Amino acid sequence: ATLPKGAVASVTAVTADASAGEGKGAADLVSVLDAARGDRLVEGRWCVAGGNPKVSGNSFDTVLCDYLVGSMDGFTPFEQDRVFGELKSYCAPGALVHVVGLSP
């Protein structure tokens, strides 16, 4: 699926670094990003303190966490609450954070 033209200024997709063994990554989804609009994919290591993806200088009006908390259960059980503090650094004032999962 793609976003309608003009629906957003750009999309920054942030995911786990597949080479770190934290997930499958999202390299297969790069094709749905619109590079001409400024869309990009950033990978990082969510399961290592301080290893979260660096999106320097950017803050976002909307942050969508698609199965982030649930996937952490397999890599860092009992530390899922820590990720919300890290997500705060990505949020612009008044940002919306959407948490999606299999059984949220």
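These figures come from a predicted structure and were not determined experimentally. (Residues numbered from 1 in each chain as written. Predicted model: local features only at pLDDT ≥ 70, side-chain atom pairs only at ≥ 80, totals over all residues. Heavy atoms only, no water.)

Enquirer: Can you lay out the overall build of the protein for me, pointing to particular residues and giving the numbers?
Expert: Tallying secondary structure elements over the protein gives two helices and four strands in all. Taking the intrachain contacts of the protein between residues at least 6 apart in sequence as the baseline, contacts between residues at least 24 apart amount to 67%. Accessible surface, the protein: about 6800 Å² in total, of which carbon and sulfur atoms supply 57%. (Helix = DSSP H or I, 4+ residues; strand = E, 2+ residues; numbered from the N terminus. Contact = heavy atoms within 4.5 Å. Areas by Shrake-Rupley, 256 points an atom, 1.4 Å probe, with all protein chains shown as cover.)

Enquirer: Talk me through the nonpolar core; I want residue IDs and the actual numbers.
Expert: Counting 10 residues, the largest nonpolar core is built from V42, V55, F60, V63, C65, L68, M72, V83, L87 and Y90. Elements with a contribution of two residues or more to this core: β3 (60-66), α1 (68-72) and α2 (82-88). Per-element accounting of this core gives the leading share, three residues, to β3. (Core = buried A, V, L, I, M, F, W, Y, C linked by side-chain atoms within 4.5 Å. Buried < 20%, exposed > 50% of the residue type's maximum accessible area, 1.4 Å probe, protein only.)

Enquirer: Kindly report on the pattern of salt bridges, identifying the contributing residues and their values.
Expert: Enumeration over the complete set of coordinates arrives at one salt bridge. Among the salt bridges present, the one from D39 reaches R37, with a minimum N-O distance of 2.5 Å. The buried category is assigned to D39, whose relative accessible area is 8%. (Salt bridge = Lys/Arg side-chain N within 4 Å of Asp/Glu carboxyl O.)

Enquirer: Provide a residue-level description of the environment of A13, including the pertinent values.
Expert: Checked against the element boundaries, A13 lands in strand β1 (residues 12-16). Residue classification places A13 among the partly exposed residues on the basis of a relative accessible area of 25%. Each C-alpha atom of the pair A13 and L29 lies 9.5 Å from the other, and the pair is 16 residues apart in sequence. Beyond its immediate chain neighbours, meaning those up to four positions away, A13 contacts R40, L41 and V42.

Enquirer: Could you give an account of the confidence of the model for the protein, naming the residues involved and the relevant values?
Expert: In the predicted model, the protein carries a mean pLDDT of 76, and 74% of its residues have values of at least 70. Mean pLDDT across the elements of the protein bottoms out in α1 (75) and peaks in strand β4 (residues 91-100) (88). (pLDDT = per-residue confidence, 0-100.)

Enquirer: Would you mind going over a nonpolar patch on the surface in detail, with residue names and values included?
Expert: Together, F84, V97 and V99 line one region of the surface with nonpolar side chains, adding up to about 220 Å² of accessible area. Position of V97 among the secondary structure elements: in strand β4. Exposure remark for V97: the relative accessible area of 40% places this residue in the partly exposed category. (Patch = residues over 30% accessible without salt bridge, like charges linked within 9 Å, V, L, I, M, F, W, Y side chains within 5 Å.)

Enquirer: Break down the side chain of D39 for me, citing the residues and quoting the values.
Expert: Residue position: D39 is located in the loop between β1 and β2 (40-44). At a separation of 2.8 Å, a polar atom in the side chain of D39 contacts the main-chain amide nitrogen of V11. One polar contact links D39 to R37, side chain to side chain, over a distance of 2.5 Å. Filtering out sequence-adjacent residues up to four positions away, D39 remains in contact with S10, V11, L33 and D34. (Polar contact = N/O pair within 3.5 Å; in protein donor to acceptor, adjacent residues only side chain to side chain.)

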